[in-house]
Amino acid sequence: MMYDTILSRSFSRNDQKKLGYGAIFCCLLILLSIFTALKSHLGALPALTLRLTAADDHKMLLIEEKSASQEKELVTVQKNFTRKIEPLCNVMDPRSDYCSITGDVTVQGSSSTVFVAPSEMLTGNDSWTIRPYARKGDETAMSPIRKWSILPSAVASQPIPICTEHHSVPGVIFSTGGYAGNNFHAFTDIIIPLFTTTRHFGGEVKFLVTNRNPRWLQKFRAIIENLSKYEIIDIDNAGVNIHCFPRVIVGLKHHKEMTIDPSRSPYSISDFRAFLRSAYSLKKENAIKLQDGELKRRPRLLIVSRKRSRSFTNIAEITNMAETLGYEVVASELDSNMSRTPEIVNSCDVMMGVHGAGLTNLVFLPENAVLIQILPIGKFEWHAKVCFGDPARHMNIKYLEYNIREKESSLIQEFPLDHVVFKDPVAYHKHNWYLFKSRYLDTQNVELDVNRFRQTLVKAMELLR
């Protein structure tokens, strides 16, 4: 109260305000000087931003605290934290388990174990056991697949074995077991996922094959050799050899049947088909493009024949009808001879066949070719769509379906038209795969009604214009 009286006598009201602002400003300068002097001892301090603002008709000096260095430090910590908590293995995918381990990685084939040295990638004492085959939900396929353990050194019950073979490129562990003997499964379960997982290495990767199938590896040798520059390692029979890598992948990335999801991969199914054309030296990139009224060039029609089941019993009749429409017809079973099958398929513009693994060879068709899938009795619509219909469209292949009628099926020789086998296949097999397979897949042949089927071949010809 006494100081207020002295100030009021000595200075005017405006002078008092000026003195007040000056005192505040001097205090701030003193504080900034102290902070500057102690900066080296206190570390990074917040930057002080001064600004004037109006409030209640008075000018007020505000101090904002803003630390760029602290923000940068926080972002760095957040980034590091995100990277550290990323798991080595993704076992949540419904179709395939997949592990990617970078650092000092040791592979012991005799115990089917991948040992992981301490690194920032490890978040704790987690370990994983997976089967490296991309059909996780199918017990029949998965049960024979060898289990592999991924063990951080902290949880291993033994010291990490000493390396006997050092590799300078990554290694990929995958199985050629399961349904690999079936052509459809060979591509959708192994070959396409193997391409998706390893193509970006440019051949600088080694394949460690478990459940090794020599016939399978020989059949697809051209594909394997174009994905890896190195000899395959039969890891199950490695014996006392201990293999060490800078990175190991266990399992393969699978998206969906017979295709690649480009949102989850740098590659598309078109890239895969281009890769196949290169691997097998296929010459025909595009299907024939017919002009209206053109008679000189004849599109090639491939009839995929089968010997045991779902075979055409009137191929000669189908061939004659197709030739009258202007097709050059080729009939082939498309066996396991991969030095011949890709070339035959690639030379054709239209491929037709009953639903089955032989249609998997559509991967070798040229761009804008036509696939005709014949659906036998048995409610095959879902299988047809998932296995070949949707993949064909992703592959830039035009797609047609032909549903046979009862009189075109060999089942008519065993059952009357009003039998549940024809009227309600689902009620007949009751979702029992083995009953479905034995009745509709293994014991049914097709005799096409050529007059009815003619319109499908006419439509295919139109799609080539």
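Each remark here, short or long, concerns the structure printed above.
Trainee: Teacher, can you tell me more about the overall build of the chain here?
Mentor: Broken down by element type, the chain carries 15 helices and 17 strands. Counting over 465 residues, the chain shows a buried share of 44%. Carbon and sulfur atoms provide 53% of the accessible area of the chain, an area that totals close to 24900 Å².

Trainee: Quick question: what am I supposed to make of the pattern of salt bridges here?
Mentor: Opposite charge on two side chains lets them pair, provided their charged atoms get close. Counted under the stated rule, the structure contains 20 salt bridges. One salt bridge in this structure joins D93 and R264, with 3.4 Å as the shortest N-O distance. With D93 in the loop between β3 (89-90) and β4 (98-108) and R264 in the loop between β12 (242-250) and α8 (269-279), this pair connects stretches of sequence that are 171 residues apart. Residue D93 is classed as buried on the basis of its relative accessible area, which comes to 14%. Of the residues examined, R264 reaches a relative accessible area of 43% and is grouped as partly exposed. Across the pair E204 and K229 runs a salt bridge whose closest N-O atoms are separated by 3.1 Å. Separated by 25 residues along the polypeptide, E204 in the loop between α5 (183-198) and β10 (206-210) and K229 in the loop between α7 (221-227) and β11 (233-234) bring together distant segments of the chain. Within the structure, one salt-bridge network assembled from shared partners comprises R95, R135, D189 and E257.

Trainee: Would you mind showing me how to read α8 here?
Mentor: An α-helical turn contains 3.6 residues, so any two residues separated by three or four positions project in the same direction. Looking only at α8, the buried set comprises I269, F272, R273, F275, L276, R277 and A279. For α8, the elements touching its buried residues are α5, α7, α10 (341-346) and α11 (381-394).

Trainee: How do you make sense of the packing of aromatic side chains when you look at a structure like this?
Mentor: Centre-to-centre distance and the angle between the planes together describe a pair of aromatic rings. Overall, the coordinates contain 16 aromatic pairs when judged by the stated rule. Aromatic pair F174 and F207: ring centres 5.5 Å apart, planes at 85°, arrangement edge-to-face. You can see F174 sitting in strand β9 (residues 171-175) and its partner F207 sitting in strand β10, a full 33 residues away along the chain. Classification of F174 by relative accessible area gives buried; the value is 0%. Ring centres of F380 and F436 lie 5.3 Å apart, and the angle between their planes is 45°; this geometry places the pair in the tilted category. Placement of the pair is F380 in the loop between β16 (370-375) and α11 and F436 in helix α14 (residues 433-441), with a sequence separation of 56 residues. With relative accessibility at 1%, the residue F380 sits in the buried group. The exposure class assigned to F436 is buried, which follows from its relative accessible area of 4%. Taken together, the aromatic side chains of F187, F195, W216, F220, Y267, F272, F275, Y280 and F364 make up a single cluster linked through ring pairs.

Trainee: Got a minute to help me understand the sheet that holds strand β15 (residues 350-354) in this structure?
Mentor: Across a sheet, paired strands are connected by hydrogen bonds in the backbone, their directions being either parallel or antiparallel. Here five strands make up an open sheet; going across it, the order is β14-β13-β15-β16-β17 and the pairing parallel. If you trace the sheet from one side to the other, it starts and ends with β14 (328-332) and β17 (398-403), each paired once. For this sheet, the mean angle separating the axes of adjacent strands, direction not counted, is 20°. With six bridges connecting them, β16 and β17 associate as parallel partners. From the neighbouring strand, V370 faces β17, where its bridge partner is K398. Across the sheet, helix α9 (residues 315-325) is in contact with β13 (300-304), β14 and β15; its angle to β14 comes to roughly 155°.

Trainee: Just checking my understanding: could you explain the nonpolar core for this structure?
Mentor: Nonpolar side chains in soluble globular proteins tend to end up buried together. One finds F272, M352 and L362 to be the most contacted residues of the largest nonpolar core, which totals 99 residues. Here this core gets eight residues from one element, more than from any other, and that element is α5. Excluding residues that lie within four positions of it along the chain, M352 makes contacts with L301, L302, I303, V304, F312, I318, I372, I374, L448, F453 and L457. Among the nonpolar cores identified, the runner-up in size contains 20 residues, and C99, V105, V107 and V248 belong to it.

Trainee: Honestly, the side chain of S305 in this entry has me stumped. Any pointers?
Mentor: Along the polypeptide, S305 turns up in the loop between β13 and α9. Residue classification places S305 among the buried residues on the basis of a relative accessible area of 17%. Other than its neighbours up to four places away in sequence, S305 contacts I315, S332 and E333.

Trainee: Looking at this structure, I do not really get the state of the cysteines. What am I missing?
Mentor: Considering all chains together, one arrives at two disulfides under this definition. Note on cysteine connectivity: C89 is disulfide-linked to C99, with sulfurs 2.0 Å apart. The sign of the 110° torsion about the S-S bond sets the C89-C99 disulfide as right-handed. Of this pair, C89 sits in strand β3 while C99 is found in strand β4, placing the two residues 10 residues apart along the sequence.

Conventions we followed
Residues numbered from 1 in each chain as written. Predicted model: local features only at pLDDT ≥ 70, side-chain atom pairs only at ≥ 80, totals over all residues. Heavy atoms only, no water. Helix = DSSP H or I, 4+ residues; strand = E, 2+ residues; numbered from the N terminus. Buried < 20%, exposed > 50% of the residue type's maximum accessible area, 1.4 Å probe, protein only. Areas by Shrake-Rupley, 256 points an atom, 1.4 Å probe, with all protein chains shown as cover. Salt bridge = Lys/Arg side-chain N within 4 Å of Asp/Glu carboxyl O. Contact = heavy atoms within 4.5 Å. Phe/Tyr/Trp six-rings, centres within 6.5 Å; stacked < 30°, edge-to-face > 60°. Pairing = 2+ DSSP bridges. Axes fitted to C-alpha atoms, helices over the stretch in contact; angles between N-to-C directions. Core = buried A, V, L, I, M, F, W, Y, C linked by side-chain atoms within 4.5 Å. Disulfide = S-S within 2.5 Å.

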